[in-house]
2 protein chains.
Amino acid sequence: MKDWEKNVRTVVPYVPGEQPKEKNIMKLNTNENPYPPAPGVAEVLETFDADRLRLYPDPLAADLTDALADFYHVDRNQVFAGVGSDDVLAMIFLTFFNSRKPVLFPDITYSFYDVWAEMLRIPYEQIPLDHDFFIIPEDYKKENGGIIFPNPNAPTGRLMELSQIEEIIQANPGVMVVVDEAYIDFGGVSALPLVDRYDNVIVVQTFSKSRSMAGSRIGYAISNPCVIKYLNDVKYSFNSYTMDSVTIALGVAAVKDKEYFEKTVQKIIQTREWTKEQLRALGFLFADSQSNFIFARHPKVPGPQLFQALKEEKIFVRRFGKPERIADYLRITIGTDEQMQKLVKFLKTYLMEQET
Amino acid sequence: MKDWEKNVRTVVPYVPGEQPKEKNIMKLNTNENPYPPAPGVAEVLETFDADRLRLYPDPLAADLTDALADFYHVDRNQVFAGVGSDDVLAMIFLTFFNSRKPVLFPDITYSFYDVWAEMLRIPYEQIPLDHDFFIIPEDYKKENGGIIFPNPNAPTGRLMELSQIEEIIQANPGVMVVVDEAYIDFGGVSALPLVDRYDNVIVVQTFSKSRSMAGSRIGYAISNPCVIKYLNDVKYSFNSYTMDSVTIALGVAAVKDKEYFEKTVQKIIQTREWTKEQLRALGFLFADSQSNFIFARHPKVPGPQLFQALKEEKIFVRRFGKPERIADYLRITIGTDEQMQKLVKFLKTYLMEQET
């Protein structure tokens, strides 16, 4: 060990889902949208004046926060934009979880939460989901330094009732409660109205799933202006210009096309419901998902084996392995109808082969 | 104060230079390049397939780090890319300045250093420049938790000899020494060769100045593979996908056009040298700048007054105010020949009016 290594913040980093370079694979492993972004996005790319790039972008990304404010009927000073919801969530951990009491989140959840907490040396406690993968509001009524959970939860897909979220917020007026709604557009009810009723709530959403723009890195938080001001202050102490000019313009084009957004989201919901029926018929077990993925296991085939069989068929899904009780589960992203038909067809054949 | 505000990390944020919305202004306040990015950048924008945006980008931004590795004749695992050099520097503060001893940097320097230190609760000491705005290597030979300085320094424009930088590195084998080379292409000699000779050096550069891409937010660090690995681990604990797909492709196009890069940089150097002569003739005092700006004061006109007069003429420059000994200085970005002629013409007339 070199002397300078004593000053290094060593961490166990988050491991994102594989981004295979191969063509001709069916990529159902990182919950990407199978449809292209709104047509206006392509238009902005074609017509964007490259000369503008010599100038710094608007550090507030006001065009984007304005477009989001319009879409969600809130004030522009209630919106914070960042480089994907991971950037937004990292800023939230840094800004609002500055406490010696543990931050609470589920034991089975987005696997970045404990990474942020570890990296920022924030104490935390992982609260077990119940045996059906439900979050129990009662468990979040103990002393803590903040609360965060996805709704629907990932990777389970389980949706929580708004009344239960409100119960958690009401029980915790002294800390920030963060509702991570990466998948909310696929059938959930957003906690956005609660932002008006409680001053300690932040709702976080992303362009990566329902808006087909994972490649653009756009996430946002909505809360009251005071919370957004605290968040902007920390952002301005970290990196003033996070959103590049092209991405701001692309994001605006996407938000403005509400019709396309609703159409593609509805299509994915339909495909998901069809896929659920098929998987159920094949004997798969899964929590009822309200997201763009299904978290399922088959009682007769271990998770690692099925994962490998799919990979050999060039179908990439995601498997977490930890904790033990999800070791047999695969998280399967909802793709196009054609992709899901192909998946189901392969599973049918594969499971039949296992029986014989 | 609300209860949840007790857990808030309160900070005094960095204040970036103004990005005025008005047209018809001469923007010489944030050291942007007056020339457009390389022509290949516009081509990539026009031809980029929007459908790719539905997929996550390559978290390593390998196309970009490969292009940079080629350009600088280093290995790809020696390059780290981020959302502007501010993102890269924030990650470096987080990763390598994890010590209870003070990080050292000049008292007059990039005004984000103390903001990062304050935000991350890192102790620091600001070492005074000498009366001619030079960094004195001898002053950096005391116990510390890390060292960072820009070369050329900002906002003074003063370049340090490579031998002096080496002297600082040699005296501090137990900590990381970061050379922030945002302006190095405008006449300085990069510390890059020192990365091969010492294991505790990081060189940071940006696309915002010499590559005309402030709007794209691209910065990078070059060091040995071990240092880059530590940096990537922390980055993967903060935000895995920081570089969006479009920006990666635009950055690659810019790096590949070495000829255009060299041509525009040379042009700015010529314009700067012409501007120096003119300002000198008008009685301005300034340190000899090797960057794309000149940090100057006029002995007969207070800084705030001149700043205001220029602003009324729609010429935006930058003034820092603090510390006291730079209160009369203005930092003037080098624009096109036409812009500099207009600036000089106005200053000539204005100074004559003051005399009478």
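Numbering of residues starts from 1 in every chain and runs along the sequence as written. Following the order in which they are written, the chains are lettered starting with A and the ligands numbered starting with 1. With the structure being a predicted model, the display of local features is reserved for residues of pLDDT at least 70 and the display and counting of side-chain atom pairs for 80 or more, all residues being used for whole-chain, interface and lining totals. Hydrogens and water molecules were not included; the side-chain quantities draw on all heavy atoms of the structure.

With that out of the way, let us pick up the overall build of chain A. Think of it this way: any DSSP run of H or I at least four residues long counts as a helix, any run of E at least two long counts as a strand, and we number them from the N terminus. On a plain count of helices and strands, chain A comes out with 11 helices and 12 strands. The quantity called the radius of gyration is restricted to C-alpha atoms. Its globule counterpart is 2.2 Å times the number of residues to the power 0.38. Rg of the C-alpha trace for chain A: 21 Å, near the compact-globule value of 21 Å for 356 residues, within the 12% margin. Here the C-alpha coordinates of chain A stretch approximately 65 × 55 × 55 Å along the principal axes. Across chain A, contacts joining residues at least 24 apart in sequence account for 73% of those joining residues at least 6 apart. Carbon together with sulfur atoms contributes 49% to the accessible area of chain A, which is approximately 13,800 Å² in total. For chain A, the distance from the average site of its 40 positive side-chain charges to the average site of its 49 negative ones is 4 Å. Residue contacts are defined here by distance: any two heavy atoms, one from each residue, within 4.5 Å place the two residues in contact. Accessibility throughout is a Shrake-Rupley quantity obtained with a 1.4 Å probe, and a residue counts as covered only by protein chains that appear here. Note that His is not counted, nor are the chain ends; the positive residues are Lys and Arg, and the negative ones are Asp and Glu. Lysine's charge is taken at NZ, arginine's at CZ, aspartate's at CG and glutamate's at CD.

Residue and element names in this part refer to chain A. Basic side-chain nitrogens of Lys or Arg form a salt bridge, by our definition, when they fall within 4 Å of a carboxyl oxygen of Asp or Glu. Overall, the coordinates contain 37 salt bridges over all chains when judged by the stated rule. A salt bridge links Arg-54 to Asp-51; the nearest nitrogen and oxygen atoms lie 3.7 Å apart. For the salt bridge of Glu-166 with Arg-197, the shortest nitrogen-to-oxygen distance reads 3.2 Å. Of this pair, Glu-166 sits in helix α5 (residues 162-171) while Arg-197 sits in helix α6 (residues 192-197), and the two are 31 residues apart along the sequence. Glu-166 gets classed as buried once you look at its relative accessible area, which sits at 18%. Taken together, the shared-partner salt bridges connect Arg-272, Glu-273, Lys-276 and Asp-288 into one network. Exposure categories follow from relative accessible area, calculated using a 1.4 Å probe and restricted to protein chains: below 20% of the type maximum is buried, above 50% is exposed, and the middle band is partly exposed.

All names here are of chain B. Between any two strands, at least two bridges found by DSSP are needed for them to pair. As summarised here, the arrangement of the three strands in space is β9-β10-β12, forming an open sheet in which the pairing is antiparallel. Edge strands, defined here as strands with exactly one partner in the open sheet, are β9 (285-286) and β12 (330-333). Note that β9 and strand β10 (residues 293-297) share two bridges and pair antiparallel. Across the sheet, Leu-285 pairs through a bridge with Arg-297, a residue of β10.

Turning to the sheet that holds strand β3 (residues 103-106) of chain B, a few remarks are in order. All names here are of chain B. In spatial order, the strands read β2-β8-β7-β6-β5-β3-β4; together these seven strands make up an open sheet with mixed pairing. Each edge of the sheet is formed by a strand with only one pairing partner; in this case those strands are β2 (79-82) and β4 (124-127). Recorded for the sheet is a direction-independent mean angle of 20° between the axes of neighbouring strands. Of the strand pairs in this sheet, strand β7 (residues 201-206) and strand β8 (residues 219-222) are connected by four bridges, and their pairing is antiparallel. Looking at the pairing, Val-203 lines up with Ile-222 of β8. Docked against the sheet, helix α3 (residues 84-96) engages β2, β5 (146-150), β6 (177-180), β7 and β8, running at close to 160° with respect to β7. Between the N-to-C directions of two axes lies an angle of 0 to 180 degrees, each axis being a line fitted to C-alpha atoms and, for a helix, fitted only over the stretch in contact.

Once that is clear, we can look at the packing of helix α9 (residues 258-281) of chain B against helix α11 (residues 337-355) of chain B. Residues and elements named next belong to chain B. Relative to each other, α9 and α11 sit at 10°, their axes nearing to 10 Å. Between α9 and α11, the angle falls in the class roughly parallel. Here Lys-267, Thr-271, Trp-274, Thr-275, Gln-278 and Leu-279 of α9 come into contact with α11, specifically with Asp-337, Met-340, Gln-341, Val-344 and Leu-347. Angle categories: roughly parallel below 35 degrees, roughly antiparallel above 145, roughly perpendicular from 65 to 115, and oblique for all the rest.

Before going further, it helps to examine the pairing of β2(B). Residue and element names in this part refer to chain B. Of the two faces of β2, the one lined by Val-79 and Ala-81 and the one lined by Phe-80 and Gly-82 are each fully buried. Taken together, the four bridges between β2 and β8 define a ladder with antiparallel strand orientation. Bridge pairing links Phe-80 to Ala-221 in β8.

This next bit is on the relation of the copies chain B and chain A. A least-squares fit on C-alpha atoms brings the copies together, and the residues used are those whose pLDDT is at least 70 in both copies. When chain B is brought onto chain A, the operation consists of a screw motion whose angular component is 180° and whose axial shift is 0.0 Å, with 0.0 Å RMSD remaining. The superposition operator between the copies reduces to a two-fold rotation axis. Among all residues of chain B, the minimum C-alpha distance to the rotation axis is found for B:Glu46, at 2.2 Å. The fraction of interface residues of chain B whose copies in chain A are also interface residues reaches 100%, indicating that both copies meet through the same surface.

Here we take up the nonpolar core. The set of buried Ala, Val, Leu, Ile, Met, Phe, Trp, Tyr and Cys residues whose side-chain atoms join them within 4.5 Å is what this entry labels a nonpolar core. A:Leu64 and B:Leu64 are the most contacted members of the largest nonpolar core, which has 185 residues in total. Counting residues in hydrophobic clusters, the runner-up holds 74 residues, among them A:Met91, A:Tyr110, A:Tyr113 and A:Val204.

Once that is clear, we can look at the environment of A:Pro304. Residues and elements named next belong to chain A. Relative to the helices and strands, Pro-304 is located in helix α10 (residues 303-312). Residue classification places Pro-304 among the partly exposed residues on the basis of a relative accessible area of 40%. Separated by 25 residues in sequence, Pro-304 and Tyr-329 place their C-alpha atoms 8.7 Å apart. Pro-304 has contacts with Arg-319, Ala-327 and Asp-328, leaving out every residue within four places of it along the chain.

Between chain B and chain A, the contact holds 88 residues from the first and 88 residues from the second. Taken together, the two surfaces of chain B and chain A that pack against each other cover about 7,100 Å², and 59% of this comes from carbon and sulfur. Ranking the residues of chain B by area buried against chain A places B:Trp4, B:Tyr56 and B:Phe238 at the top, with a combined share of 12%. A salt bridge links A:Lys21 to B:Asp58; its shortest N-O distance comes to 4.0 Å. Listed by contribution, the elements that provide at least two residues to the side of chain B that touches chain A are α1 (39-47), α3, α4 (113-119), α7 (225-235) and α8 (245-256) of chain B. Broken down by element, the side of chain B that touches chain A gets its largest block of residues, seven residues, from α3(B). Note on terms: buried area is the combined drop in 1.4 Å-probe accessible area of two parts once they are placed together, counting the loss on both.

With that out of the way, let us pick up the side chain of B:Ser99. As for its position among the elements, B:Ser99 is in the loop between α3 and β3. Residue class for B:Ser99 comes out buried when judged on its relative accessible area of 16%. Excluding residues within four positions of it along the chain, B:Ser99 makes contact with A:Asn7, B:Pro123 and B:Gly145.

The subject of this paragraph is helix α8 (residues 245-256) of chain A. With 12 residues, α8(A) ought to run about 16 Å at 1.5 Å a step, and its terminal C-alpha atoms sit 17 Å apart, in line with that. Buried residues dominate α8(A), accounting for 11 of its 12 residues. Those residues of α8(A) hidden inside the fold are in contact with α1 (39-47), α2 (62-72) and α9 (258-281) of chain A together with α1 and α8 of chain B. By the N-cap criterion, in which a side-chain oxygen at the helix start approaches the backbone nitrogen of a residue two or three places on, α8(A) is capped by A:Asp244, the distance to A:Val246 being 3.2 Å. In this scheme, a helix's expected span is set at 1.5 Å multiplied by one less than its residue total. Within 3.5 Å is the distance limit for a polar contact, defined as a pair of N or O atoms, with the added protein rule that one can donate a hydrogen and the other accept it, and that residues adjacent in sequence qualify only through two side-chain atoms.

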